[in-house]
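# Overview (structure and organization)
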Amino acid sequence: MIPISLYIHIPWCIKKCPYCDFNSYTTKTKIDEIEYINFLIQDLEQDLHLINHRKIQNIFIGGGTPSLFNIESIHYLIQKIKKKVHLSKSTEITIEANPTNIEYKKIIEYNKIGINRISLGVQTFNNVHLKNLGRLYTEQDIKNVIHNMKSNQKNINFNIDIMHSLHNQSYFEAIEDLNKAISYNPNHISWYQLTIEPNTLFFYQKLNLTKDLETEKIIKQGNKILEKYGYIQYEISSYCKAGYQCKHNLNYWKFGDYIGIGCGAHGKITQKNKKIIRTVKFKNIHDYIKYNFLKKKYQISHKDIALEFFMNICRLKKKINKKDLYKKTGLKQQEINNQIKKCIQEGYIKNDYKYWEITKKGYQFLNSLLEIFVV
Ligand SMILES: C[S@@+](CC[C@H](N)C(=O)[O-])C[C@H]1O[C@@H](n2cnc3c(N)ncnc32)[C@H](O)[C@@H]1O
Ligand SMILES: C[S@@+](CC[C@H](N)C(=O)[O-])C[C@H]1O[C@@H](n2cnc3c(N)ncnc32)[C@H](O)[C@@H]1O
Ligand code: SF4
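Report on the accompanying structure. Positions within a chain are numbered from 1, following the residues in the order the chain's sequence is written. As they are written, the chains are lettered A onward and the ligands numbered 1 onward, keeping that order. Whole-chain, interface and lining totals are the exception, using all residues; otherwise, since this is a predicted model, local features are given only for residues with pLDDT of at least 70 and side-chain atom pairs are given and counted only at 80 or more. Only hydrogens and water are removed before side-chain values are computed, so all heavy atoms of the structure are retained for them.

## Examining the pairing of strand β3 (residues 92-97)
In terms of burial, β3 is largely enclosed, as 5 of its 6 residues are buried. In this scheme, strands are said to pair when DSSP sees at least two bridges between them. Numbering of helices and strands runs from the N terminus; a helix is a DSSP stretch of H or I covering at least four residues, while a strand is a stretch of E covering at least two. Relative to β3, strand β2 (residues 56-63) is paired through 4 bridges, and the arrangement is parallel. Bridge pairing in β3 links N58 to E92. If the strands point away from the viewer and the path from the first strand over the helix to the second runs clockwise, then the crossover is right-handed. The β-α-β motif built from β2, the intervening helix α2 (residues 71-84) and the parallel element β3 has right-handed crossover chirality. Bridging between β3 and strand β4 (residues 117-123) involves 4 bridges; their strand directions are parallel. Within the sheet, the bridge partner assigned to I95 lies in β4 and is I118. Crossover handedness for the path β3 to helix α3 (residues 101-106) to β4: right-handed. Throughout this description, buried means an accessible area under 20% of the type-specific maximum (1.4 Å probe, protein chains only), exposed means over 50%, and partly exposed covers the range between.

## What to know about a positive patch on the surface
Patches here are clusters of residues that have more than 30% relative accessible area and form no salt bridge, with a 9 Å joining cutoff for like charges and a 5 Å cutoff for nonpolar side chains (Val, Leu, Ile, Met, Phe, Trp, Tyr). A 1.4 Å probe and the Shrake-Rupley method give the accessible areas. Residues count as covered only by the protein chains that appear here. Between Lys or Arg on one side and Asp or Glu on the other, a salt bridge is scored when a side-chain nitrogen of the former is within 4 Å of a carboxyl oxygen of the latter. Positive charges come from Lys and Arg, negative ones from Asp and Glu, while His and the chain ends are left out of the count. By convention, the point assigned to a charge is CZ for Arg, NZ for Lys, CD for Glu and CG for Asp. Positive charge collects at one region of the surface, where K16, K283, K295 and K296 lie side by side. Structurally, K283 is set in the loop between β11 (276-281) and α9 (285-290).

## Section: the nonpolar core
Nonpolar side chains in soluble globular proteins tend to end up buried together. Counting residues in hydrophobic clusters, the biggest one holds 69 residues, and the most contacted among them are I61, I118 and L120. Per-element accounting of this core gives the leading share, 8 residues, to helix α1 (residues 33-51). Those residues in contact with I118, other than ones at most four positions away along the chain, are I95, A97, I107, Y110, M149, I156, N157, F158 and N159. Put simply, a nonpolar core is a bunch of buried Ala, Val, Leu, Ile, Met, Phe, Trp, Tyr and Cys residues held in one set by side-chain atoms that sit within 4.5 Å of each other. What makes two residues a contact is simply this: any of their non-hydrogen atoms within 4.5 Å.

What is shown is where atoms sit, not what they do.
Structural data, given as structure tokens:
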């Protein structure tokens, strides 16, 4: 069967960052943590019939800022989940945490309650840029949190999220951020180019963003540095030491299955007959509770499946095993023969007996490649 993971969304933040379009909000009347977790469990129970007793391979607790919740609450959440689904000792359980004073003490408690991967949302180490991004901590706070975390657990498995090409950020500042992240020796670094999303404050502001050519230079140099320090790029923005890919994200890009619970979470679950079901939960907490969590459930239509498969799998820096097409989508190779031929003609894909390989040109013109699969 296709591997399945569990995504849990905790939507609250102290303050909305001006670049963020994830489902997060700062309502003053936050509902009781335990009450929300009990809803999460009911939400999970409602989805369980879709997975038909399959084992959950990994869990990702994301947000929002899940690290705002008390340790006791997160412990309660994990205990409750363990009663509902089967987890093994090797199940990767990630939590997203911000590096502030609030997390300073909590960060050393996570491994005691079964969390074995921490994803720290650093964004930048530069105090001026932290301020511009609306972040509520300084470089010193980041240092304190990471030192505390590392001195309490030697082999802690953690990720650092960094963004580059920020407003008024120079080439040197972008590279300095990356070098600082590397100096803490995390197993994983997510290095994102800042994107300006509609519906965010940044979208309406006049920003001095990095020019495309400069961004290209930053990425080229950054890739060299990351490689030098043993980080393998396995996805457009994801780099890790050997064996430390984020299992949840990797599963997602391999077009694996996942249950999504919590406000605004989405899920994808393949049924025995190869039909692929998508679920979407209500974003707003009041609707989520009032209307029984689930906003929409629909089957991916036959004509969209190839596009969705390639949209995900093409993010990975890896050859595509042709057998995965049928395994993950139920599509036979002949059904996409014409599109593959076109991709080969355009020089986007190289074809060999067992694999399809995205070429340099294919990665460079990914949108054009994907358009070929739009029907
Ligand atoms: C949904 S956020 C949650 C993590 C946590 N609340 C935080 O702020 O660190 C996950 C990651 O997405 C990245 N991200 C969010 N908005 C982005 C944007 N507009 N452009 C690029 N990356 C973004 C950030 O690096 C962030 O750490
Ligand atoms: C952008 S990724 C960052 C991962 C991080 N770089 C790492 O390596 O652990 C995580 C974010 O994606 C979003 N996300 C992931 N899976 C989701 C799902 N099934 N439903 C809704 N949001 C999801 C959440 O906002 C979450 O904070
Ligand atoms: S970036 Fe993180 S802290 Fe900022 S609003 Fe988005 S989820 Fe919340």
